[in-house]
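Coordinates in review
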Amino acid sequence: MSDPIASSAQSTPAQPAPEPIVAEKRRKRSAMDVVRALRQPKIAVMMALGFSSGLPFLLTANTFGYWLRDEGTSLKAIGFISWVGFMYAFKVYWSPLVDRMDIPLFGKLGRRRGWMLFCQILVAIGLVAMAVVGVKAGLVAIGAFALLVAFASATQDIAIDAWRIEAADNSDEVGLLTSAAQLGYRLALLVTDAAIIAAAERVGWPISYVAMAVLMGVGIVATFLAFEPQRADEVLHNKPPLWSRRGLVDALIGPFVDFFRKHKLAGLVILLMVALYRLPDFIMGPMYNPYYHDLGVSKDTVAVVRGSFGLVATFVGLGAAGLTAIRIGILPTLIVGLVLEALGTGAFALLALHVNDVIFAIVMSLDSFAQAFAGVALVTYMSSLTSLGYTATQYAMLSSTYALLGKFLKGFSGVAVDTLTPQYGLLGAYATAFIGTALTAIPAMLLIVLLWRMQGRHGSQGAPA
């Protein structure tokens, strides 16, 4: 009797996704080619879907922590409740369903769009529920609805990431769609990390969360305007049905067999590097807003800096990452992004020594630039590693890998600050924790260098040979 895993993977080979976005040899495009590509409707749709993807993220993470701290919640509790973000790390476990199954009723829109719409509605419901129950109902109640929002948001990400890769006609379009998605995502982060804080100062957190639920309408409109990608459907049509033995094995195991067949030993190095790459951003994530609170920085100052200097720095970071990848290759760009991440995180320690509006704006701008740059570099790299037919699951595997360790460690961020406080004082404890977090960039840096060496220093390739 043949091995069902091997026979399934061999009988229905996945088609490669568009070639790595930054390839060693690529045709040069004129400025008019780029302008024409940017005018495509799907670029605007992708930006709106990126906004919908980014909107719920901080509402169950850093911004949620600000709300909890305003209500007097302890740093330990804020750190532990941030573990609702594990939904983003665990999404790989249900991503095969999103890859292979139409969702009832909503499936009339198509597989990708059906899942998007269902999840967008679920996110909006969860945000309204968080606003209604509030913190006074207890951390268990509001935490449960935060978990619902995180689950729906993570599932939406699976569908949107698959659409982004499958909707592209070629590698250049993958790059354009990735940039558009990142731009929309970063705009959503600014709304949920700046505008909502200013709104909360005036109308309170519950009404502000209801407003965020209404803004999920941006994604709903984009879903109706989007088209259903056909390239992946053609590959999936040749696969055995999901409810058959071979189909089930292919859906659950095939993406991973395909990934390691293509990348071999380098696949393990890739996964480990991806797991470590965003640690400088993730570990102290729940403590950023409580840090501003304890520094005495007003909500208005935080909102204004994020919405002005932070916005400009984000746009510059997005553009700089794309340009850098074209000029020096994707792996060197990952190294630059990692250095910037470490500097951006470590710079927050300076605020504990002295804080005024100018220093705060400089530190926030550096961090915004660094996160935007590193985010584009990593998403571009991960997108180049997927295969058609397994797009949702393979990208979910990669994005879950980069989220898992960081999501776990950030749960202890409040414990770390509390533990360091008796020795260094509250602000000194924050500063020490930020510096220690910045140093977590070193292991990922070594792994990127190893990957570069494994592929014969062809740093412009998207993946090791």
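Everything discussed here concerns the structure shown above.
Residues numbered from 1 in each chain as written. Predicted model: local features only at pLDDT ≥ 70, side-chain atom pairs only at ≥ 80, totals over all residues. Heavy atoms only, no water.

**Observations regarding the environment of T63**
Secondary-structure assignment places T63 in helix α4 (residues 62–70). T63 sits 225 residues away from Y288 along the chain, and the two C-alpha atoms are 9.2 Å apart. T63 has contacts with L58, T192, D193, I196, W205, Y209 and N289, leaving out every residue within four places of it along the chain. (Helix = DSSP H or I, 4+ residues; strand = E, 2+ residues; numbered from the N terminus. Contact = heavy atoms within 4.5 Å.)

**Quick look at the packing of aromatic side chains**
Under the definition given, this model contains 28 aromatic pairs. A centroid spacing of 5.8 Å and a plane angle of 20° characterise the contact between F282 and Y402, whose relative ring orientation is stacked. With F282 in helix α16 (residues 279–282) and Y402 in helix α22 (residues 391–410), this residue pair connects regions lying 120 residues apart in the sequence. In this structure, F282 and Y402 share a single accessibility class: buried. Taking the centre distance of 6.4 Å and the plane angle of 35° together, the rings of Y291 and Y292 count as tilted. The exposure class of Y291 is buried, given its relative accessible area of 0%. A relative accessible area of 1% means that Y292 is categorised as buried. Through successive ring pairs, a cluster of aromatic residues spans F80, W83, F86, F90, Y93, F408 and F412. A cation over an aromatic ring shows up here: R164 above the ring of Y395, its NZ or CZ 5.0 Å from the ring centre. (Phe/Tyr/Trp six-rings, centres within 6.5 Å; stacked < 30°, edge-to-face > 60°. Buried < 20%, exposed > 50% of the residue type's maximum accessible area, 1.4 Å probe, protein only. Lys NZ or Arg CZ within 6 Å of the ring centre and 35° of its normal.)

**Overview of the environment of A438**
Inspection of the secondary structure assignment puts A438 in helix α23 (residues 413–438). A438 gets classed as buried once you look at its relative accessible area, which sits at 11%. Along the primary structure A438 and F348 are separated by 90 residues, whereas in three dimensions their C-alpha atoms are 10.0 Å apart. Residue contacts for A438: discarding those within four places in its chain leaves A342, T345 and G346.

None of this, on its own, says anything about what the molecule does.
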